[in-house]
4 protein chains.
Amino acid sequence: MILPFETRVKVRFGDVDAAGIVFYPRYFEILNTAVEDWCEHVLEVDYRAMHVVQRWGIPVVDIAATFAAPSRLGDDLIVRIIPQSLGRSSCRLAAEFSCRGEKRLSMTLVVVCTDLTRMTSMPWPEHVRPRIEAGLAAGVPGGSPDEGSEKEPGL
Amino acid sequence: MILPFETRVKVRFGDVDAAGIVFYPRYFEILNTAVEDWCEHVLEVDYRAMHVVQRWGIPVVDIAATFAAPSRLGDDLIVRIIPQSLGRSSCRLAAEFSCRGEKRLSMTLVVVCTDLTRMTSMPWPEHVRPRIEAGLAAGVPGGSPDEGSEKEPGL
Amino acid sequence: MILPFETRVKVRFGDVDAAGIVFYPRYFEILNTAVEDWCEHVLEVDYRAMHVVQRWGIPVVDIAATFAAPSRLGDDLIVRIIPQSLGRSSCRLAAEFSCRGEKRLSMTLVVVCTDLTRMTSMPWPEHVRPRIEAGLAAGVPGGSPDEGSEKEPGL
Amino acid sequence: MILPFETRVKVRFGDVDAAGIVFYPRYFEILNTAVEDWCEHVLEVDYRAMHVVQRWGIPVVDIAATFAAPSRLGDDLIVRIIPQSLGRSSCRLAAEFSCRGEKRLSMTLVVVCTDLTRMTSMPWPEHVRPRIEAGLAAGVPGGSPDEGSEKEPGL
């Protein structure tokens with residue numbers, strides 16, 4: 001039994017708006033932080049070396065968010081990252097944000113493994129692929145690898 | 001013939017990442033800027049008075065983005081806002097980002113007219129509603145007001 | 001012997017610019033994060049309750065920064081907060097940012113204890129004052145409480 | 001008679017905090033925007049070409065800000081940039097932020113003309129230097145070029 005990856009991000013003063021709740025663009029920065037943590041802990045890839053030395057990255061080509069309840073200053077958000085499907089060079093991820101058991105928002109996003117020098121998609125590195133596959137089983141019951149739609153990275 | 005609302009936003013140094021292209025969470029801040037401009041110019045609502053004096057707002061409850069091509073430092077982005085459907089208190093908007101005729105990304109979002117004191121949805125103010133309706137015709141041929149799905153604001 | 005307060009902040013993808021180093025305005029957001037942590041751990045004040053329930057805050061009225069060396073993606077920055085002087089309602093703090101023993105930048109800032117309802121300065125709460133005083137001794141040898149210049153909050 | 005350079009920046013929803021006033025780290029992003037505009041209009045340098053093609057920049061090595069009065073959502077800030085002194089490769093600038101004639105904050109900063117490939121200071125390009133010198137006269141009466149302290153860029 002593999003558990004989905006989780007990371008914790010605290011809502012800071014700079015994240016909240018005049019109504020005292022998180023300004024929604026900040027959630028995408030928080031998501032990026034969580035994806036960095038997922039890369040390091042699940043893919044076992046050093047996020048800096050990946051970009052600067054090995055020159056590959058995982059830009060987002062599609063993202064959707066549904067906001068369920070507001071978050072406030074000081075909230076400890078739990079962000080859960082769950083792979084949904086895996087293609088040759090793409091991966092669909094679900095991200096669920098909650099606080100003290102209450103769902104705050106959910107996102108789905110498609111990232112594409114990208115050669116940053118040529119700015120074209122590339123297959124997932126061999127040592128990375130099985131680590132994502134392992135996570136596919138961690139999500140919804142019956143989750144299994146499939147060939148997600150392939151897209152050229154646009155970001 | 002009504003033209004869709006357009007506003008221009010320049011890509012600044014603080015918007016770009018280590019690859020020299022716009023870091024995608026910044027697009028949501030740019031979108032919010034464009035929606036502020038749309039409120040002022042199309043809805044003819046002062047964005048500050050709306051929040052601080054009249055105590056209503058239009059939080060986003062759903063948003064999706066598809067990235068087509070990267071944007072770089074100094075690009076003048078044209079953001080076009082097109083109402084897609086109008087409900088009692090919600091509105092679906094399309095936002096198209098382009099630069100020198102090239103499509104960069106597109107978003108769709110649902111905003112909900114919200115009483116900020118009670119944090120519940122409220123019907124669009126009477127003087128605002130026809131201004132959104134006028135814009136519905138400006139988009140895709142045949143665009144017309146319909147009753148979009150109603151949602152309670154969650155943001 | 002009291003040690004200065006330290007907190008750790010990781011440099012994230014959203015913090016770095018096209019040159020791959022931290023975009024300097026982000027250091028002020030990182031500082032604010034560190035000051036939030038200092039409030040909670042040293043002043044023993046819940047940052048949210050302070051603002052929302054008790055309605056006081058510590059806006060910055062003066063700040064200066066000197067940048068010594070760049071920081072890069074993935075760096076774990078140690079931010080050390082050291083009170084320098086304490087007035088009736090103001091406090092001068094030094095903030096030192098380092099990574100793996102290398103100094104990155106230093107800041108000095110003056111915060112003013114402020115009644116957020118009336119937006120005027122107020123004396124430090126009685127239970128908070130001694131906690132700042134304790135930290136004065138932690139900094140430079142011979143550090144001791146003095147009456148810093150009083151300013152009305154402008155932020 | 002040369003007038004100081006001025007640019008206008010509107011306070012957006014994403015700039016204000018839970019108290020409805022500009023969160024101070026945002027002022028440094030606004031400053032950077034104003035300095036970009038100053039480069040383009042006064043130095044007549046394309047900010048993108050400068051960084052990406054010619055590979056030089058003007059990182060900030062020292063900055064200080066004093067906050068006089070808060071700014072609110074929708075405020076049109078006028079940012080005035082005034083060169084104070086000019087060295088071989090450095091320049092001290094004053095930046096004054098105001099709104100409807102009211103002073104909001106003032107900053108002074110030292111930028112260093114920097115070779116981005118070697119990350120070392122370099123003399124101001126010959127065509128740029130006289131354009132900064134012209135601005136020295138625009139500031140305080142009697143303003144004149146002097147040799148500011150030289151520093152290696154640390155940012």
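To keep things clear, this report deals only with the structure shown in the data block. (Residues numbered from 1 in each chain as written. Chains lettered and ligands numbered in written order. Predicted model: local features only at pLDDT ≥ 70, side-chain atom pairs only at ≥ 80, totals over all residues. Heavy atoms only, no water.)

**Quick word on the relation of the copies chain B and chain A**
Then, number 1: The two copies are related by a screw motion: chain B maps onto chain A through a turn of 180° and a shift of 0.0 Å along the axis, at an RMSD of 0.0 Å. Classification of the inter-copy transformation places it as that of a two-fold axis. Proximity to the rotation axis, assessed at the C-alpha, singles out Ala 64 of chain B in chain B; its C-alpha lies 2.0 Å from the axis.
Then, number 2: Take the interface residues of chain B: 100% of them recur as interface residues in chain A, which is what a same-surface contact looks like. (Least-squares fit on C-alpha atoms with pLDDT ≥ 70 in both. Contact = heavy atoms within 4.5 Å.)

**Concerning the packing of helix H1 (residues 25-41) of chain A against helix H1 (residues 24-41) of chain B**
Then, number 1: As a packed pair, H1 of chain A and H1 of chain B sit with axes 8 Å apart at the nearest point and diverge in direction by 175°. Accordingly, the angle class assigned to the pair H1 of chain A and H1 of chain B is roughly antiparallel. Residues Pro 25, Arg 26, Phe 28, Glu 29, Leu 31 and Asn 32 of chain A of H1 of chain A lie in contact with H1 of chain B, whose contacting residues are Tyr 24, Pro 25, Arg 26, Phe 28 and Glu 29 of chain B.
Then, number 2: In terms of residue class, the contact of H1 of chain A with H1 of chain B is made up of 6 nonpolar, 1 polar and 4 charged. (Axes fitted to C-alpha atoms, helices over the stretch in contact; angles between N-to-C directions. Helix = DSSP H or I, 4+ residues; strand = E, 2+ residues; numbered from the N terminus. Parallel < 35°, antiparallel > 145°, perpendicular 65-115°, else oblique. Nonpolar A, V, L, I, M, F, W, Y, C, P; charged D, E, K, R; others polar.)

**So, the interface of chain B and chain A**
Then, number 1: Across the boundary between the two partners, chain B contributes 26 residues, which contact 26 residues of chain A.
Then, number 2: Note on chain B versus chain A: buried area summed over both sides is about 2300 Å², and carbon and sulfur give 63% of it.
Then, number 3: Taken together, chain B and chain A are joined by 2 salt bridges.
Then, number 4: Note that Glu 29 of chain B is salt-bridged to Arg 26 of chain A, the shortest N-O span being 2.8 Å.
Then, number 5: The tally of links between chain B and chain A comes to 8 residue pairs in polar contact (both at pLDDT 80 or more).
Then, number 6: Here 5 bridges tie strand E3 (residues 60-67) of chain A to strand E3 (residues 60-67) of chain B, and the two strands are oriented antiparallel to one another. Counterpart to Ala 65 of chain A in the pairing with E3 of chain B is Ile 63 of chain B. (Buried area = accessible area lost by both parts, 1.4 Å probe. Salt bridge = Lys/Arg side-chain N within 4 Å of Asp/Glu carboxyl O. Polar contact = N/O pair within 3.5 Å; in protein donor to acceptor, adjacent residues only side chain to side chain. Pairing = 2+ DSSP bridges.)

**Examining the sheet that holds strand E5 (residues 90-99) of chain C**
Then, number 1: Pairing is antiparallel across the open sheet formed by 10 strands, whose spatial order is E1(C)-E4(C)-E5(C)-E6(C)-E3(C)-E3(D)-E6(D)-E5(D)-E4(D)-E1(D). Edge positions in the sheet fall to strand E1 (5-10) of chain C together with strand E1 (5-10) of chain D, since each of these pairs with one other strand and no more. Looking at each pair of strands side by side, their axes are set apart by 20° on average, direction ignored.
Then, number 2: Bridge count between strand E5 (residues 90-99) of chain D and strand E6 (residues 102-112) of chain D: 10 bridges; the pairing is antiparallel.

**A few points about the packing of aromatic side chains**
Aromatic ring pairs are described here by two measures, namely the spacing of the ring centres and the angle between the planes.
Then, number 1: For the structure shown, the criterion picks out 26 aromatic pairs over all chains.
Then, number 2: A ring pair is formed by Tyr 24 of chain C and Phe 67 of chain C, whose centres lie 5.9 Å apart and whose planes are at 65°; its orientation type is edge-to-face. Of this pair, Tyr 24 of chain C sits in the loop between E1 and helix H1 (25-41) while Phe 67 of chain C sits in strand E3 (residues 60-67), placing them 43 residues apart in sequence. With respect to class, Tyr 24 of chain C is no different from Phe 67 of chain C; both count as buried.
Then, number 3: Relative to Phe 28 of chain D, the ring of Phe 28 of chain C has its centre 3.7 Å away and its plane inclined at 0°; by these criteria the two rings are stacked. Note that Phe 28 of chain C is positioned in helix H1 and Phe 28 of chain D in helix H1 (residues 24-41), a pairing that runs across two chains.
Then, number 4: Looking at Phe 28 of chain D, the relative accessible area reads 1%, which means it is buried.
Then, number 5: Members of the aromatic cluster, joined through ring pairs, are Phe 13 of chain A, Tyr 47 of chain C together with Phe 23, Tyr 24, Tyr 27, Phe 67 and Phe 97 of chain D. (Phe/Tyr/Trp six-rings, centres within 6.5 Å; stacked < 30°, edge-to-face > 60°. Buried < 20%, exposed > 50% of the residue type's maximum accessible area, 1.4 Å probe, protein only.)

**With respect to the environment of Arg 26 of chain B**
Then, number 1: On the secondary structure map, Arg 26 of chain B appears in helix H1.
Then, number 2: Residue class for Arg 26 of chain B comes out buried when judged on its relative accessible area of 5%.
Then, number 3: The sequence separation of Arg 26 of chain B and Ala 134 of chain B amounts to 108 residues, and the corresponding C-alpha distance is 30 Å.
Then, number 4: Beyond its immediate chain neighbours, meaning those up to four positions away, Arg 26 of chain B contacts Glu 29 of chain A, Gly 14 and Asp 15 of chain B together with Gly 14 and Arg 26 of chain C.

**Considerations on the sheet that holds strand E1 (residues 5-10) of chain B**
Then, number 1: One open sheet accounts for 10 strands, arranged E1(A)-E4(A)-E5(A)-E6(A)-E3(A)-E3(B)-E6(B)-E5(B)-E4(B)-E1(B); its pairing is antiparallel. The sheet is open, and its two edges are formed by strand E1 (5-10) of chain A together with E1 of chain B, each paired on a single side. Strand-to-strand twist of the sheet, defined as the mean angle between neighbouring strand axes without regard to direction, takes the value 20°.
Then, number 2: The strands that H1 of chain B touches are E3 of chain A together with E1, E3, strand E4 (76-86), strand E5 (90-99) and strand E6 (102-112) of chain B; relative to E4 of chain B, the one it contacts most, it runs at about 65°.

**So, the nonpolar core**
If you look at soluble globular proteins, the nonpolar side chains tend to sit buried side by side.
Then, number 1: Counting 184 residues, the largest nonpolar core has Ile 63 of chain A, Ile 63 of chain B, Ile 63 of chain C together with Ile 63 of chain D as the members making the most contacts within it.
Then, number 2: If sequence neighbours within four positions are ignored, Ile 63 of chain A has contacts with Phe 28, Leu 31, Met 107, Thr 108 and Leu 109 of chain A together with Tyr 24, Phe 28, Ile 63, Ala 64, Ala 65 and Phe 67 of chain B. (Core = buried A, V, L, I, M, F, W, Y, C linked by side-chain atoms within 4.5 Å.)

**Side note on the pairing of E3 of chain C**
All names here are of chain C.
Then, number 1: Across the 8 residues that make up E3, a large majority, 6, are buried.
Then, number 2: Bridge count for E3 against strand E6 (residues 102-112) is 7 bridges, and the pairing is antiparallel. If you follow Thr 66 over to E6, its bridge partner there is Ser 106.

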